[in-house]
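# What the coordinates show
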Amino acid sequence: VQVGSQISGQIQELYADFNSVVKRGQLLAKLDPRNIQAQLENARAAVAAAQARVRSSEAELKTQAANLLSSRANLEAARVTRDNTATLFQRASELSKSGVASKNDYDNAKANADSAEAKYGQALAAVEQVEAQGLVSMAQLEQVKANLRQSLADLNRAEINLEYTNIYSPVEGVVISRNIDVGQ
C-alpha cells in the first residue's frame, strides 16, 4: 500500500527505510509539528477567549435582569405617585369648584398630577427599554455560545492535525520504496 500523510509538512524523522519490515501501527515517519502546535495553541487561546465572552454575556444578562427588577420597582413607585396625585387633584378640583380652595392650590395639584403622569410614562418606557435590552443580551449570549462551539471544533481539528504529524504503517509488510527524505 502507499503510505501518505493527511497534512502537509516537512519530514523531521524517518523510522523505516527500503526493505524494512514493519508492523501495523508502527511509526514510520514524523512531520515537523511546530506549525501544528502553534495552531493548537492559537485554538486553545480562541476557546479561552470564547469562554470569557460567554461568562461576560451571562453576567450582562444577569445585570439586565437586575435592571428590569429595578425598572419595574420604579414603575410601581411612579404608579403610586400618579394615583395619589390624581386623587389630590380630584379633591383640589372639587374644592376649587365649591370655592373653598384657592386657584393656586388647584394649579399646584394639577401640575403635580400632570408631572406624576409624565413620570409614570417615563418609568413605563424605561421598563420597555430594559426588556428590549434583555432580549439583545440573550441574543448576544446565544451568539457567543455559538462562537465557543466553533472555537471548540477548531481546537479539536488542531489536536487531530497534531496527531497526524506521526505517520504510522497501516499494514504489516516490507517497505519496497521510499520517495522522501528528512527535510522534504
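Scroll up a little and you will see the structure.
About the cut-offs
Note on numbering: residues in each chain are counted from 1, in written sequence order. Under the rules for a predicted model, residues below a pLDDT of 70 receive no local features and side-chain atom pairs below 80 are neither given nor counted, while totals for whole chains, interfaces and linings still include all residues. Excluded from the side-chain calculation are hydrogens and water; included are all heavy atoms of the structure. Think of a salt bridge as a Lys or Arg side-chain nitrogen and an Asp or Glu carboxyl oxygen that are within 4 Å of each other. The set of buried Ala, Val, Leu, Ile, Met, Phe, Trp, Tyr and Cys residues whose side-chain atoms join them within 4.5 Å is what this entry labels a nonpolar core. Here's how the labels work: a residue is buried when its accessible area is under 20% of the maximum for its type, exposed when over 50%, partly exposed in between, all with a 1.4 Å probe on protein chains only. For this analysis, residues touch if any pair of their heavy atoms sits within 4.5 Å. Runs of E in the DSSP output that reach at least two residues are strands. Runs of H or I that reach at least four are helices, and both are numbered from the N terminus. The length a helix should cover is 1.5 Å for every residue beyond the first. Only protein atoms enter the 1 Å grid, on which a cavity is a set of points fitting a 1.4 Å probe that cannot get out and a pocket is an open set with protein on both sides within 12 Å along at least 5 of 7 lines, lining residues being those with an atom within 4 Å of a point. Grid points are joined across faces, edges and corners, and a volume is the space filled by probe spheres set on the points. Three classes are used: nonpolar for Ala, Val, Leu, Ile, Met, Phe, Trp, Tyr, Cys and Pro, charged for Asp, Glu, Lys and Arg, and polar for all others, with Gly counted as polar.

Let's shift gears to the pattern of salt bridges. Across all of its chains, the model carries twelve salt bridges by this definition. With a closest N to O distance of 3.0 Å, Asp 83 and Arg 82 form a salt bridge.

This part is about the nonpolar core. Counting ten residues, the largest nonpolar core is built from Leu 40, Ala 43, Val 47, Ala 50, Val 54, Leu 141, Val 144, Leu 148, Leu 155 and Ala 158. Setting aside chain neighbours within four positions, we find Ala 50 in contact with Asn 147, Leu 148 and Ser 151.

With that settled, the discussion passes to helix H1 (residues 34–97). Look at H1: 92 Å from first C-alpha to last across 64 residues, which is about the 94 Å you get at 1.5 Å a residue. Positive backbone phi, approximately 85 degrees, marks Gly 99, located one or two places after H1.

We now examine the layout of surface pockets. Looking at the largest pocket, its volume works out to about 690 Å³. As for the largest pocket, its lining consists of 27 residues, of which Gln 2, Val 3, Leu 28, Val 175 and Ser 177 are closest to the centre. Elements with a minimum of two residues in the lining of the largest pocket: strand S1 (11–14), strand S3 (27–31) and strand S5 (173–174). Looking at the lining of the largest pocket element by element, the count peaks at three residues for S3. For the lining of the largest pocket, the class distribution of residues is 16 nonpolar, nine polar and two charged.

The values are spatial; any link to function lies outside them.
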